[in-house]
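These are the residues of each chain, in order.
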Amino acid sequence: IKGVELTDQAVDSFIVLLQVGLFANLEELDFRDCHIHDETISQLGDALTPLSRAVTVRLYGNPIEKPDTWFAFALSCLRSLSVSQTCVTGEENVVEFIACLDEKACDELQQLDLVFSGANCGIGDASIQQLAEVIKNGSLPRLQFLSLSDCYITMNSDTMLIKALK
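Residues numbered from 1 in each chain as written. Predicted model: local features only at pLDDT ≥ 70, side-chain atom pairs only at ≥ 80, totals over all residues. Heavy atoms only, no water.

**Brief notes about the packing of aromatic side chains**
Inference 1: Throughout the structure, instances matching the rule amount to two aromatic pairs.
Inference 2: Each ring, one from Phe14 and one from Phe23, has its centre 5.2 Å from the other, and the planes form 35°; the classification is tilted.
Inference 3: Assessed through its relative accessible area of 29%, Phe23 is described here as partly exposed.
Inference 4: Both rings, one in Phe14 and one in Phe31, keep their centres 5.8 Å apart while their planes meet at 90°; by these two values the pair is edge-to-face. Taken together, the positions of Phe14 in helix α1 (residues 8-19) and Phe31 in the loop between β1 (28-30) and α2 (38-48) put the pair 17 residues apart, joining distant regions of the chain.
Inference 5: Assessed through its relative accessible area of 12%, Phe14 is described here as buried.
Inference 6: Among the aromatic residues, those joined into a cluster by ring pairs are Phe14, Phe23 and Phe31. (Phe/Tyr/Trp six-rings, centres within 6.5 Å; stacked < 30°, edge-to-face > 60°. Buried < 20%, exposed > 50% of the residue type's maximum accessible area, 1.4 Å probe, protein only. Helix = DSSP H or I, 4+ residues; strand = E, 2+ residues; numbered from the N terminus.)

**Quick word on the pattern of salt bridges**
A side chain with one charge may pair with a side chain of the opposite charge, provided their charged atoms come close.
Inference 1: A complete count under the given rule lists two salt bridges for this structure.
Inference 2: Across the pair Asp30 and Arg32 runs a salt bridge, and its minimum N-O distance is 2.5 Å.
Inference 3: Look at Asp30 and you get buried, because its relative accessible area is 16%. (Salt bridge = Lys/Arg side-chain N within 4 Å of Asp/Glu carboxyl O.)

Treat this as a map of the structure, not an account of what it does.
Right, dumping it as structure tokens:
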């Protein structure tokens, strides 16, 4: 579905199909650049919860305004999560998102791809330190691939993350 502008009604119809089990063997869901908004993404997350297998979800390029929208996703059923948010006005939103990974069951998450960007604000030291803490706490036990973009970090937080990943 990547790159197709979707209406809320189209996504609602897709959610109904998920709920009736039509896509029970779904492995990947690509909604990049589909212009879906906060509430619709939250509803999509709720619909993915009952799936019995891990799913890769790609959500880059959607106009998400509230970072807690990403939290609505049932992280326990995700194999891969790609999150992109532009025009970030403060790093606290990024830190809040990463802290949520410590609060949810992310047992199946193998790939995490994060892009938060704004005017000299994106993934900074506080975000990296939070991510290192989440990893040290064992909240991402199957993480195999980590991609971070638009980073403004120092060697200190970089070293902290590397040690946590070992």
